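Structural features, examined
One letter stands for each residue in the lines below.
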Amino acid sequence: MHKMLGLMRGPETVHNKLIHKQYGIQATGGGRMRFIHFEVIRMGLLRKLDWSRMFAIWRIDSPWQAVTKKGQGQRMGGGKGSIDHYVTPIRTGRIIIEIAGHCEYLEVKDILSKISAKLPFKAKAVSQEILELDSAKEQWQIENNQNKYTLEYLIKNNMDDLQRKVKKIDHRFFGKYV
């Protein structure tokens, strides 16, 4: 299977909102989750949550993308290596797990923060209010930008021959998702 790096680049367009409008973990950068990361999340939630009042929902698929690896010390050639493990690609803005029920944000913030720190990409604990504030702040920054020479303006007007020099991903997202 190809690496398919496009599955990790750019914003998540579908699973970027909380279903139950309460709390969750949101990816702030792209990456890959292995099986061990699923276990870290599962064990962290099992030990800390009060299951009589709260529940958790997985918002990502189980690992499905094969990653191959050749043995250590092998010479070049000889074809592609065998499958080493499976991963789930994650994009920026994806909700990883969602917690809802009879609880407050301060109860679950520490749990979600500790879990998000152990993930292989940047992630943060969010609530519905935090997501709304972030989107409003981003919209405000776009509307009140005083500098007209943004990367989008420079690429679209081909200043300093940037259309030839920047990556294809920057032609779509203009340097926002690296």
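Analysis parameters
- Residues numbered from 1 in each chain as written.
- Predicted model: local features only at pLDDT ≥ 70, side-chain atom pairs only at ≥ 80, totals over all residues.
- Heavy atoms only, no water.
- Salt bridge = Lys/Arg side-chain N within 4 Å of Asp/Glu carboxyl O.
- Buried < 20%, exposed > 50% of the residue type's maximum accessible area, 1.4 Å probe, protein only.
- Helix = DSSP H or I, 4+ residues; strand = E, 2+ residues; numbered from the N terminus.
- Expected span 1.5 Å × (residues − 1).
- Arc of directions from axis to C-beta.
- Contact = heavy atoms within 4.5 Å.
- Pairing = 2+ DSSP bridges.
- Axes fitted to C-alpha atoms, helices over the stretch in contact; angles between N-to-C directions.

**Quick look at the pattern of salt bridges**
By the definition in use, this model includes 10 salt bridges. Two residues, R53 and D50, come together in a salt bridge whose shortest N-O distance is 2.8 Å. Note on R53: relative accessible area 32%, which makes it partly exposed. A single salt-bridge network, built from bridges that share partners, covers D50, R53 and E107.

**Let's talk about helix α1 (residues 35–48)**
Along its 14 residues, α1 runs 20 Å from first to last C-alpha, staying within 8% of the 20 Å computed at 1.5 Å per residue. Along α1, the residues that are buried comprise H37, F38, I41, G44 and L45. Across the axial projection of α1, the buried residues extend over an arc of 135°, all falling on one side. Those residues of α1 that are exposed and aimed more than 90 degrees away from the buried face are F35, I36 and R47. On its buried face, α1 is in contact with β2 (31–33), β3 (54–58), β5 (82–90), β6 (95–101) and α2 (105–117).

**Let's talk about the sheet that holds β6**
One open sheet holds the four strands; their spatial order is β3-β6-β1-β7, and the pairing between them is antiparallel. What marks the edges here is a single partner per strand, and that holds for β3 and β7 (123–127). Averaged over all adjacent pairs, the angle separating strand axes in this sheet is 20°, with direction ignored. The sheet contact formed by β3 and β6 spans five bridges and is antiparallel. Bridged to F55 within β6 is A100. Where helix α3 (residues 128–143) meets the sheet, it contacts β1 (23–27) and β7, and its direction lies at approximately 105° from that of β7.

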